[in-house]
Amino acid sequence: MPWSNKPGGGWNGGNGNGGGDGGGPWGGGQPPRGGGGQPPDLEDIIKKGQEQLKKALPGGGGFSPAIAMIVAAVFVGLYIANAVYTVKPDELGVELRFGKPKTDVSEPGLHFYLWPVETYDIVNVRENQINIGGNRDAASGQMLSGDQNIVDMEFSVLFQVVSPNDYLFNVADPVGMVVEVSESAMREVVGRRPAQDVFRDDRAGIATEVLAIIQTTLEQYGTGLRINAINIQDVAPPREVADSFDEVQRAEQDEDRFVEEANRYSNRILGAARGEAAQITEDAAAYKNRVVEEAKGEAQRFISVYDQYKLAPEVTRKRLFLETMEAVLKSSNKVIMGQSGSGQGVVPYLPLPEIQKRATQSGASK
């Protein structure tokens, strides 16, 4: 027998057609399904749920002022939790009203915005570093120099955000743009330089030129980024030609060494030659001065003798004759010949100067 035909209807004594009071949980004597009965109305269920909620709240059938204040405080707390945000150090905030960014940026600290009308974005303004080339991306590091040599470079780019609005809304991928522009600028500069400049001669100049090109390009696109430094970390030839390149480097080093040795030898020889030339010049100048002074002295002596000759010609003539004969005969062997017809015609001569000279030499040797 169906449960609806049992005495009391099976639900607190209600009748089978749901007409009695004190029925089941659906307000009648029948459950929502079974025995062919109709399902309960949704609006009735909502109304009964509201009535049960009112009965459960303090105060009976309505909201008290205390409950209203509690509910309001909850809503206010939820709003404040969503309308307050914090900007940390090394960060800047950008507020948007209906999706349009404001001009002013939010400094580090606690800030309030009109949620949900406004939103905000946080931008990190610390200095960031991107490494290009090397083992991580060998293809991006291989470049062609101006003298048609292939070099494998590894360099880093240091940058930071200076305009959060431009950084957020002008370019879809600012960091990716930094990578692409940096690689392009480095290839451009290396392509104008010989490989020797890239390897060791002018790395600082290359880094400065690349930095200027990158900064100009990023400013044209309005990325809001500033490039702080370009560091060339390593430059090497491709592995396939590394041995040959090392041989060339050693040959160039030997060439530099030989040139340096030749320069030192040349400087030494030139220094000695210049010193000798200066000495000869000084000797020639001294000889010139001596000869000129001697000539002046002789001329002065001749003039003085001539003046005396004019006063006493005969005496001066004899004196000049005797002085000349003395100068001629003092260093020659002398033989005195007699003019008379008697005798041998040769007068013995005692060489007193020679004896005196020998006596002086023997005394010095002792």
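Residues numbered from 1 in each chain as written. Predicted model: local features only at pLDDT ≥ 70, side-chain atom pairs only at ≥ 80, totals over all residues. Heavy atoms only, no water.

> Describe the sheet that holds strand 5 (residues 118-124), with residues and values.
The three strands lie next to each other as 3-2-5, forming an open sheet whose pairing is antiparallel. The open sheet has two edge strands, strand 3 (100-106) and strand 5, and neither has a second partner. Each strand axis lies, on average, 30° off the axis of its neighbour in the sheet, ignoring direction. Here seven bridges tie strand 2 (residues 91-97) to strand 5, and the two strands are oriented antiparallel to one another. Across the sheet, Leu-92 pairs through a bridge with Val-123, a residue of strand 5. (Pairing = 2+ DSSP bridges. Helix = DSSP H or I, 4+ residues; strand = E, 2+ residues; numbered from the N terminus. Axes fitted to C-alpha atoms, helices over the stretch in contact; angles between N-to-C directions.)

> Break down the pairing of strand 3 for me, citing the residues and quoting the values.
As judged from the four bridges shared by strand 2 and strand 3, these two strands associate in the antiparallel manner. Its bridge partner lying in strand 3, Gly-93 is registered against Ser-106. Taking the residues between adjacent antiparallel strands as the criterion, strand 2 and strand 3 are bridged by two residues, where Phe-98 takes a positive phi near 55°.

> With reference to specific residues and values, describe a nonpolar patch on the surface.
On the surface, a cluster of nonpolar side chains totalling about 470 Å² of accessible area is made up of Phe-321, Leu-322, Met-325, Val-328 and Leu-329. Along the chain, Leu-329 falls in helix 9 (residues 313-329). Taking relative accessible area as the criterion, Leu-329 reaches 36% and is therefore assigned partly exposed. (Patch = residues over 30% accessible without salt bridge, like charges linked within 9 Å, V, L, I, M, F, W, Y side chains within 5 Å. Areas by Shrake-Rupley, 256 points an atom, 1.4 Å probe, with all protein chains shown as cover. Salt bridge = Lys/Arg side-chain N within 4 Å of Asp/Glu carboxyl O. Buried < 20%, exposed > 50% of the residue type's maximum accessible area, 1.4 Å probe, protein only.)

> Give a description of unusual backbone geometry that names residues and reports values.
A positive phi angle is found at Asp-90, which is not glycine, with a value near 65°. When you line up the elements, Asp-90 lands in the loop between strand 1 (84-87) and strand 2.

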